[in-house]
Amino acid sequence: MKNSINTKRFIEKLQESAFTYTLISIIIGFIVGAIALLIAGYNPIESYGKLFGVIFRSSKNISYSFIEYSVPYILTGLSVAFAFKTGVFNIGAEGQYVMGSVAAMLVGAFVKAPAFIHIPLCIIAALAAGALWGGLVGFLKIRFGAHEVLCMIMFNWIAYYFSNFIVNLDWVNVGDGKTWSVPIADTAKITISDWLPGLSPKAHFGVFIALICVVVIYYIINRTTLGFKLKAVGFNRSAAEYAGINANGSVLTALSISGMLASLAGALQVMGVTYKVSQFAGQEGYGFQGITVALIGGTNPFGVLLGAEFFGAMKFGGTRFDAPSEIVDIIMGCIVLCIAISSLLKMMISSKKNKGGV
Amino acid sequence: MEENGRIDMSRPTVEMKNIVKMFGSFKANDGINLTVHKGEIHAILGENGAGKSTLMNILYGLYHPTSGQIFINGKEVSISGPNKAIELGIGMVHQHFMLVQPFTVAENIILGMEPMLPGGRVNMKAARAKVNEISARYGLEVNADAKIEDISVGMQQRAEILKVLYRGADILILDEPTASLTPQEIEELIEIMHNLAREGKTVILITHKLKEIKAAADYCTIIRQGKYINTVRVADTTEQQLAAMMVGRSVEFKVDKAAIEPGEVALEVHDLHAKDYRNVEVLRGLDLTVRKGEIVGIAGIDGNGQTELVEILTGLKKATHGAITMNGHDAYNKTPRQLFDMGISSIPADRHKHGLVLDFSVEDNLILQNADEKPYSNHGALNFKAIDEHAKELIEKYDIRPRGCEHEPAGDLSGGNQQKVIIAREVTNDKDLLIAVNPTRGLDVGAIEYVHKYIVDQRNKHKAVLLVSFELDEVMSLSDRIDVIFEGKIVGSMSGSEADEKKLGLMMAGGSAHEE
């Protein structure tokens, strides 16, 4: 009797937990992916077996999956999740990412300093660029009532062309008709695989910075008066203003912090993986995929971490997949779709409970 | 009562027997019986959260009872949903209107059941004629061609009632219909209810306002904490008896208020001018003084500048001209934070929009303005223990229910308890001036008693209180001085003891106090 009550409670808890729905969504995503594989003429069980086999095959592959491929998603995911918590949809993480990578590249390539100064300098430059890029949208919103989503979409394109413009400047371009910038100095690189040969060639200690950011953002959101006020404005701007919270200031702060997180992703990618900025042929998507990651993570910083690791691993697995790597995109797309409608699922389950008259 | 002549006691239209409704392990309705006859106005009385709305939602098919039977016109039915309810002739007018703002009254009424012309066009002529016919028959005057966004709340409600009648309802459920009406509109609504009953309709009225029950209803069923208490004939029952049955203890209607001498001036407003969002001047040289140790009540019909006055005093709106001082300091066009720090706290009119962050927990709402202060935070880090203890203390002290709700979202509380959260917070802020705007809107008598007590307590602590309320009774029973606002100016002032409804009513409508 008591046991059954406990089980019932447990099931109710499970039904309320966002994690359950994320898990269900992931399963549905894989089922849909399996259907796509079948249609494309692959055996889904074999293909999935290979996919996970690749991800975990060696320390090198694990490093690819969970460091090299995941770090930018951790940070852009955090950026979007943090903005969500404060009531802003940061679709501008893409542009902030680009501004961060350009700033880090410029400081990395043209400033001469020893590593222990050079690396922080690059990061600070990127953070400043991101704060500016995010904060500027906040300013436009506050000062002119511009809609932040529209602004950010345009800012993404401005950053995109700004980056291409910089890369093609005579003193930045590497020359020989190539379409990328000069490489950053060795003192600005953060790659660690020289010391740890078991890792993938471009594993970098940015992963630790990203982990610190997860903890710091979690702390800010949940434990500080800053987070308290930002959330109050996000949930109910009128009540927050009425309670004397500076709502405009909050929006500005939130967007600046979001911008810094996304730009940090760009900086770490340049300093640890690419060492240069290339001319874009299309938007890279780290910022946009940050939205996916934030949703998978339920806008919780630790959820974002898990979501980003999952996403990064899938991305890497997709590149070593015998089936088309687009299958991975299909799976991820389905997962996000399912998570987006999970509130609907929840409603259906709870209304069923109501009607049934427990 | 002569009204009883119209009731056909031989024909019960609605019978609900032994209704039980469980939500999980919580019994929202616990064996409730209800019998209503043709031509009867039947009130359902209960505190916030007593289970009135649950019962009516069962009758309207929105919930399914866990057990119990429902008979409509003598036949047992199972009401599977609102469509089935409408088929059975049951219509419900919700507390929050469901109207399409840019549509006209007639368009809203026919929405979903439009008379059609060939080619898929709506026959607006027929629609208008039908609407006018129904409105004439029941004395529900409306302008069928006016847009909803342009008409008053009372008119919107009539549109809602017409919508239900247009769908052929014989049994009308009105859920807290007077919550947002002015006293005049309430009188007109009661008249409409009588007309409906006279035409053979059955009216079920959900309310916790005793005065309206006395004025409108024939019979009254009382529910307390989900349980059926009694059904009484209203004419044979006093307001005191109704209140006691509803709350489960005897309730003091009169506010106990010892005379105290007002002290120095707290708030002074001089020649205040302001425009509303349409750029129309709504405050036209308003003067106001509130002293410490006095409650100044602002009486007036909605839309005479009260909203703007409060918005300016709380920093949400900028005045165009004038002067405001608080404790002698300039308080003209300051930010909400500055005004709060100067000593102004307020119980806002719209508790969902301005009073609470509904997604925040109760304890977070209780420190909304004070998160930066010790002990709730230290160098920017929140101190959960202090926040938690603070909440527990206030929940106990202000009787916020359910107990142990400090971590629940404020949005999960009933309206009355949400209001208590705000009052607990603002009274605890203990500022020199408390502005209370419709502080008891939507509350039941038990809760009203508490709110009034806290307001008077503030005054007795020699704080200044500015009370803005559409409930004339409330203004009269609480205020030491009453200022009447009309078209953006204070047009008259009298002491609370010499005020009477007639004099005030005349001044509120723009007449002078001395005409007679």
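Small disclaimer: the values here were computed from a predicted structure and weren't measured.

A.B. asks: An account of the environment of isoleucine 245 of chain A is needed here, citing residue identities and associated values.
C.D. replies: Residues and elements named next belong to chain A. Summarising the element assignment, isoleucine 245 is placed in the loop between helix 11 (237–242) and helix 12 (247–274). Taking the C-alpha atoms as reference, isoleucine 245 lies 45 Å from lysine 202; in sequence the two are 43 residues apart. Apart from residues no more than four positions distant in its own chain, isoleucine 245 is found in contact with Lys229, Ala232, Val233, Ala240 and Ser250.

A.B. asks: Residues and numbers for the nonpolar core, please.
C.D. replies: In this structure, Leu59 and Leu467 of chain B are the most contacted members of the largest nonpolar core, which totals 254 residues. Beyond its immediate chain neighbours, meaning those up to four positions away, leucine 467 of chain B contacts Ile295, Val296, Gly297, Ile298, Ala436, Ile455, Val475, Leu478 and Ser479 of chain B.

A.B. asks: So what's going on with the domain arrangement of chain A? Residues and values would help.
C.D. replies: Residue and element names in this part refer to chain A. One can read the domain layout of chain A as domain 1 (1–42 + 325–358) and domain 2 (61–322). Here domain 1 and domain 2 have C-alpha centroids that lie 30 Å from each other. Each partner contributes residues to the interface: domain 1 has 10 residues there, and domain 2 has 11 residues. Among the secondary structure elements, those contributing two or more residues to the side of domain 1 that touches domain 2 are helix 2 (18–39) and helix 15 (326–340).

A.B. asks: Quick rundown of the interface of chain B and chain A? Include the residues and the values.
C.D. replies: Listed per partner, the contact involves 28 residues of chain B and 20 residues of chain A. Put simply, the parts of the chain that give the side of chain B that touches chain A at least two residues each are helix 10 (336–342), helix 11 (351–355) and strand 20 (381–382) of chain B. Residues belonging to the side of chain B that touches chain A are distributed by class as follows: 15 nonpolar, 9 polar and 4 charged.

A.B. asks: Lay out the sheet that holds strand 22 (residues 464–468) of chain B in plain terms, naming residues and giving numbers.
C.D. replies: Residues and elements named next belong to chain B. Taking strand neighbours across the sheet as the criterion, the 6 strands line up as 18-21-22-15-23-24 in an open arrangement whose pairing is mixed. With one partner strand each, in any of the chains shown, strand 18 (344–347) and strand 24 (489–495) form the two edges of the open sheet. Each strand of the sheet is rotated relative to its neighbour by a mean of 20 degrees, with strand direction disregarded. Pairing analysis gives 6 bridges linking strand 23 (residues 481–486) to strand 24, with the strands arranged antiparallel.

A.B. asks: So what about the domain arrangement of chain B? Which residues, and what values?
C.D. replies: Assigned domains of chain B: these are domain 1 (2–247), domain 2 (252–343 + 432–516) and domain 3 (351–430). Computed from C-alpha coordinates alone, the two centres of domain 1 of chain B and domain 3 of chain B are separated by 35 Å.

A.B. asks: Go over the confidence of the model for chain B with me, naming the residues and quoting the values.
C.D. replies: Residue and element names in this part refer to chain B. Considering every residue of chain B, the mean pLDDT works out to 88; 97% of them sit at 70 or more. Across chain B, the element-wise mean pLDDT spans from 81 in helix 17 (residues 501–508) up to 96 in strand 22. Overall fold confidence (pTM) sits at 0.77, and the ipTM for the predicted complex is 0.81.

A.B. asks: Kindly report on unusual backbone geometry, identifying the contributing residues and their values.
C.D. replies: The residue after lysine 374 of chain B, namely proline 375 of chain B, is reached through a cis peptide bond having omega 0 degrees. Note that proline 375 of chain B resides in the loop between helix 12 (362–366) and strand 19 (377–378). Residue aspartate 176 of chain A is not a glycine yet carries a positive backbone phi of 60 degrees. Examined against the element boundaries, aspartate 176 of chain A turns out to sit in the loop between helix 8 (148–167) and helix 9 (206–223).

A.B. asks: Break down the environment of proline 375 of chain B for me, citing the residues and quoting the values.
C.D. replies: All names here are of chain B. When the 12 C-beta atoms within 10 Å are taken as the criterion, proline 375 is described as exposed. Residues proline 375 and serine 477 lie 102 residues apart in sequence; the distance between their C-alpha atoms is 38 Å. Excluding residues within four positions of it along the chain, proline 375 makes contact with Asn383 and Ala386.

A.B. asks: Tell me what's going on with the sheet that holds strand 17 (residues 329–330) of chain B, and back it up with residues and numbers.
C.D. replies: In a beta sheet, neighbouring strands are held together by backbone hydrogen bonds and run either parallel or antiparallel to one another. All names here are of chain B. If you walk across this open sheet you meet the 4 strands as 14-13-16-17, and the pairing is antiparallel. With partners counted over all chains shown, the strands left at the sheet margins are strand 14 (281–291) and strand 17, one partner each. Where strand 13 (residues 265–275) meets strand 16 (residues 321–326), 5 bridges bridge the pair, whose relative direction is antiparallel. Bridge pairing links glutamate 268 to threonine 325 in strand 16. Contacting strand 13 and strand 14, helix 9 (residues 306–313) crosses the sheet at an angle of about 60 degrees to strand 14.

A.B. asks: How would you explain the packing of helix 13 (residues 286–296) of chain A against helix 14 (residues 301–319) of chain A if you had to name every residue and give the values?
C.D. replies: All names here are of chain A. Look at helix 13 against helix 14: their axes get within 7 Å of each other, and the N-to-C directions meet at 125 degrees. By the criterion of interaxial angle, the relationship of helix 13 to helix 14 is oblique. The crossing of helix 13 and helix 14 is right-handed. Touching Gln289, Thr292, Val293, Ala294 and Ile296 of helix 13 are Val304, Gly307, Ala308, Phe310 and Phe311, all from helix 14. A per-class count over the contact of helix 13 with helix 14 returns 7 nonpolar, 3 polar and no charged.

Rules used in this analysis
Residues numbered from 1 in each chain as written. Chains lettered and ligands numbered in written order. Predicted model: local features only at pLDDT ≥ 70, side-chain atom pairs only at ≥ 80, totals over all residues. Helix = DSSP H or I, 4+ residues; strand = E, 2+ residues; numbered from the N terminus. Contact = placed C-beta atoms within 7 Å. Core = buried A, V, L, I, M, F, W, Y, C linked by C-beta atoms within 7 Å. Buried ≥ 20, exposed ≤ 12 C-beta atoms within 10 Å, placed from the backbone. Domains from an automatic or database assignment. Nonpolar A, V, L, I, M, F, W, Y, C, P; charged D, E, K, R; others polar. Pairing = 2+ DSSP bridges. Axes fitted to C-alpha atoms, helices over the stretch in contact; angles between N-to-C directions. pLDDT = per-residue confidence, 0-100. Parallel < 35°, antiparallel > 145°, perpendicular 65-115°, else oblique. Left-handed = near helix turned anticlockwise from the far one by under 90°.

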